[in-house]
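# Structure at a glance
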Amino acid sequence: MDHHTRHVHHEGPQAQPGGPPAPHAPDTPRAAGADWATAVRATLHCLTGCAVGEILGMVIGTALLWGNVPTMVLAIALAFVFGYSLTLVAVLRAGLSLKAAVKVALAADTVSIAVMELVDNGIIALTPGAMDAGLSDGLFWSALLGGFVVAFLVTTPVNKWMIGRGKGHAVVHAHH
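Residues numbered from 1 in each chain as written. Predicted model: local features only at pLDDT ≥ 70, side-chain atom pairs only at ≥ 80, totals over all residues. Heavy atoms only, no water.

### Overview of unusual backbone geometry
Rule in force here: Helix and strand assignments follow DSSP, with helices taken as H or I runs no shorter than four residues and strands as E runs no shorter than two, numbered in order from the N terminus. In this scheme, a residue with accessible area under 20% of its type's maximum is buried, one over 50% is exposed, and one in between is partly exposed, where area comes from a 1.4 Å probe on protein chains only.
Positioned with a positive phi, Leu65 is a non-glycine residue whose angle comes to about 60°. Position of Leu65 among the secondary structure elements: in the loop between α3 (36–63) and α4 (68–93). By relative accessible area, which is 76% here, Leu65 ends up exposed.

### Overview of the state of the cysteines
Spelled out, the test is: In what follows, a disulfide is any cysteine sulfur pair within 2.5 Å.
Applying the stated rule across the entire model yields zero disulfides. Counting only cysteine sulfurs, Cys50 is the nearest neighbor of Cys46, a cysteine outside any disulfide, at a range of 3.9 Å. Given a relative accessible area of 2%, Cys46 falls into the buried group.

### Observations regarding the packing of aromatic side chains
Just so we agree on the cut-off: Only Phe, Tyr and Trp rings are paired, with Trp represented by its six-membered ring, and only when their centres lie within 6.5 Å; those with planes under 30 degrees apart are stacked, over 60 edge-to-face, the remainder tilted. In this analysis the charged atom, NZ for Lys or CZ for Arg, is taken to sit over a ring once it is within 6 Å of the ring centre and within 35 degrees of the ring normal.
Within this structure, the stated rule accounts for two aromatic pairs. Ring centres of Phe80 and Tyr84 lie 5.9 Å apart, and the angle between their planes is 50°; this geometry places the pair in the tilted category. Taken together, the residues Phe80 and Tyr84, both in helix α4 and four residues apart, mark about one turn of the helix. Their ring planes at 85° and their centres at 4.8 Å tell us that Phe140 and Trp141 sit as a pair that is edge-to-face. A relative accessible area of 29% means that Trp141 is categorised as partly exposed. For the cation-ring pair, Lys160 lies above Trp36, with the distance from its terminal atom to the ring centre recorded as 5.0 Å.

### Things to note about the side chain of Glu117
Defined as follows: His is not counted, nor are the chain ends, whereas Lys and Arg count as positive and Asp and Glu as negative. The term salt bridge refers to a pairing of a side-chain nitrogen on Lys or Arg with a carboxyl oxygen on Asp or Glu at a separation within 4 Å. Should any heavy atoms of two residues lie within 4.5 Å, those residues are considered in contact.
Structurally, the position occupied by Glu117 is in helix α5 (residues 98–126). Although Glu117 is buried, it forms no salt bridge, and the closest oppositely charged side chain is Arg41 at an N-O distance of 21 Å. The contact partners of Glu117, leaving out residues within four places of it in the chain, are Cys50, Glu54, Ile76, Ala79, Phe80 and Gly122.

### Points about the environment of His169
Counting through the fold element by element, His169 comes out in the loop between α6 (138–164) and α7 (170–173). On the basis of relative accessibility, which here comes to 4%, the residue His169 falls in the buried class. In this structure, the C-alpha to C-alpha distance between His169 and Asp109, residues 60 residues apart in sequence, is 6.8 Å. Not counting chain neighbours up to four residues away, the residues in contact with His169 comprise Ala42, His45, Ala108, Asp109 and Ile163.

### Observations regarding α3
Heads up, the rule is: Between the first and last residue of a helix there are one fewer steps than residues, each counted as 1.5 Å, and that sum is the expected span.
Taking 1.5 Å as the rise per residue, α3 with 28 residues should run 40 Å; its terminal C-alpha atoms sit 39 Å apart, in good agreement. Backbone geometry just after α3 places Leu65 at a positive phi near 60°.

### Thoughts on a nonpolar patch on the surface
Cut-off, in case you're wondering: To count toward a patch, a residue needs a relative accessible area over 30% and no salt bridge; like charges are then connected within 9 Å, while nonpolar side chains (Val, Leu, Ile, Met, Phe, Trp, Tyr) are connected within 5 Å. Accessible areas in this description were obtained via Shrake-Rupley with a 1.4 Å probe; residue shielding takes into account the shown protein chains only.
Taken together, the side chains of Leu56, Ile60, Leu64 and Trp66 present a nonpolar region at the surface, about 340 Å² in accessible area. Look at Ile60 and you get partly exposed, because its relative accessible area is 31%.

### Quick notes on the nonpolar core
Note the cut-off: Only buried residues count toward a nonpolar core, which is a set of Ala, Val, Leu, Ile, Met, Phe, Trp, Tyr and Cys residues joined through side-chain atoms within 4.5 Å.
With 28 residues, the main nonpolar core has Cys50, Met116 and Ile124 as its most contacted residues. For this core, the elements supplying multiple residues, two or more each, are α3, α4, α5 and α6. Non-local contacts of Ile124, meaning those with residues more than four positions away in its chain, are made with Glu54, Met58, Met72, Ala130, Met131, Ala143 and Leu144.

### Here we look at the confidence of the model for the protein chain
Where we set the bar: For every residue, the pLDDT score states the predictor's confidence, bounded by 0 at the bottom and 100 at the top.
The predicted model of the protein chain averages 81 in pLDDT, with 77% of residues at 70 or higher. By mean pLDDT, helix α1 (residues 3–6) is the weakest element of the protein chain at 41, and α6 is the strongest at 94. This model gives residues 1–32 a pLDDT under 50, and the stretch forms 20 contacts once residues within four places in sequence are excluded.

Below you can see the structure in the form of structure tokens.
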């Protein structure tokens, strides 16, 4: 009896075709933790939606001469909308119903987007003069981009931890 045959009983449960996903046994890779490459990809996915929404919100608020608070609220709201939208499009393409896709997007992205927005907007708010800088001001863009970099660095380990526990973007990967 070869080594593999003797240890077949250690393999995790298998999913039935068309049925729910099989639970993960304690020795499966997901239960052991996610790799950094997966976490980086998940965070870049989140960052893309957040950046599009946040930049659009900042541009709209600034162009309409709104104050800092309404502009920031719009930017954060649009960051969530665009962040969720990227996931929705992907899981809808995989054949999920709209209701199921919304549930997956909320489960996959909420913590990641929230951490990213908290860090990113915290950096902007704490950078002297950044909130009052205009769209043509280098301080505006450097604070925004610097905030994205720091948010990426903070959110990646959060995503790694969540994916390793079958949460966050691991929910999306079940539908690819």
